[in-house]
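# Residue-level structure breakdown
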Amino acid sequence: MISEWIAKYENTEIKITNSWFGGEKLFVNGELQDEQLNFVTPSRMTGNLTNSKGEKLNIKANVSGFFTVSCRAFVDNKKLELQQTK
């Protein structure tokens with residue numbers, strides 16, 4: 001089973017995927033920035049993006065759950081609105 005969440009931050013697309021055998025992955029504009037192959041504890045992934053002012057901002061994301069999977073993501077310590085697509 002694959003789960004996927006997408007968020008937009010300015011002109012940047014942030015995508016987080018989760019699959020049973022592929023683990024969790026964090027993509028920024030289609031580029032893989034972090035991945036975890038952790039099946040027992042919640043994953044914690046990090047990445048970064050450059051905003052419209054040229055500043056580098058940190059991304060934090062985590063996926064948790066077993067039967068029902070949930071995801072949270074933050075840019076510069078502000079929670080993003082994620083849209084689950086799968």
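In the block above lies the structure referred to throughout.
What comes next concerns the included structure. Residue numbers run consecutively from 1 along every chain, following the written order of its sequence. At least 70 in pLDDT is required for a residue's local features to be given in this predicted model, at least 80 for side-chain atom pairs to be given and counted, and no such filter applies to totals for whole chains, interfaces and linings, which use all residues. Side-chain calculation: all heavy atoms of the structure are included, whereas hydrogens and water are not.

### Let's talk about the sheet that holds strand β5 (residues 43–50)
The antiparallel open sheet is built from four strands, whose spatial order is β5-β6-β7-β8. The sheet terminates laterally at β5 and β8 (78–79), the two strands that pair on one side only. By the bridge criterion, eight bridges tie β5 to strand β6 (residues 56–64) in an arrangement that is antiparallel. Note on β6: the bridge partner recorded for Thr46 is Lys60. Strands were regarded as paired on the criterion that DSSP finds at least two bridges between them. Starting at the N terminus, helices and strands are each numbered in turn, a helix being any DSSP run of H or I of at least four residues and a strand any DSSP run of E of at least two.

### Structural notes on unusual backbone geometry
With a phi close to 50°, Asn29 is a non-glycine residue in the positive phi region. In this fold, Asn29 is placed in the loop between β3 (23–28) and β4 (31–36). Although it is not a glycine, Asn77 sits at a positive phi angle of roughly 65°. For Asn77, the location among the structural elements is in the loop between β7 (70–75) and β8. When a residue's accessible area, from a 1.4 Å probe over protein chains only, is under 20% of the maximum for its type it is buried; when over 50% it is exposed; and in between it is partly exposed. Judged by relative accessible area, which is 60%, Asn77 ranks as exposed.

### A look at the packing of aromatic side chains
Two aromatic rings from Phe, Tyr or Trp, using only the six-membered ring of Trp, form a pair when their centres are within 6.5 Å; if the ring planes differ by under 30 degrees the pair is stacked, by over 60 it is edge-to-face, and anything between is tilted. Within this structure, the stated rule accounts for one aromatic pair. Relative to Phe21, the ring of Trp20 lies with its centre 6.5 Å away and its plane at 85°, an arrangement referred to as edge-to-face. The ring of Phe27 is capped by Lys15, whose NZ or CZ atom sits 5.3 Å from the centre of that ring. Criterion for a charge above a ring: Lys NZ or Arg CZ within 6 Å of the ring centre, and within 35 degrees of the ring normal. Sitting above the plane of the Phe74 ring, Lys60 keeps its charged end 5.6 Å from the centroid.

### Some points on the side chain of Ser3
If you trace the backbone, Ser3 turns up in strand β1 (residues 2–9). For Ser3, a relative accessible area of 4% corresponds to the buried category. Any two residues having at least one pair of non-hydrogen atoms within 4.5 Å are treated as being in contact. Apart from residues no more than four positions distant in its own chain, Ser3 is found in contact with Ile16, Thr17, Asn18, Val69, Gln84 and Lys86.

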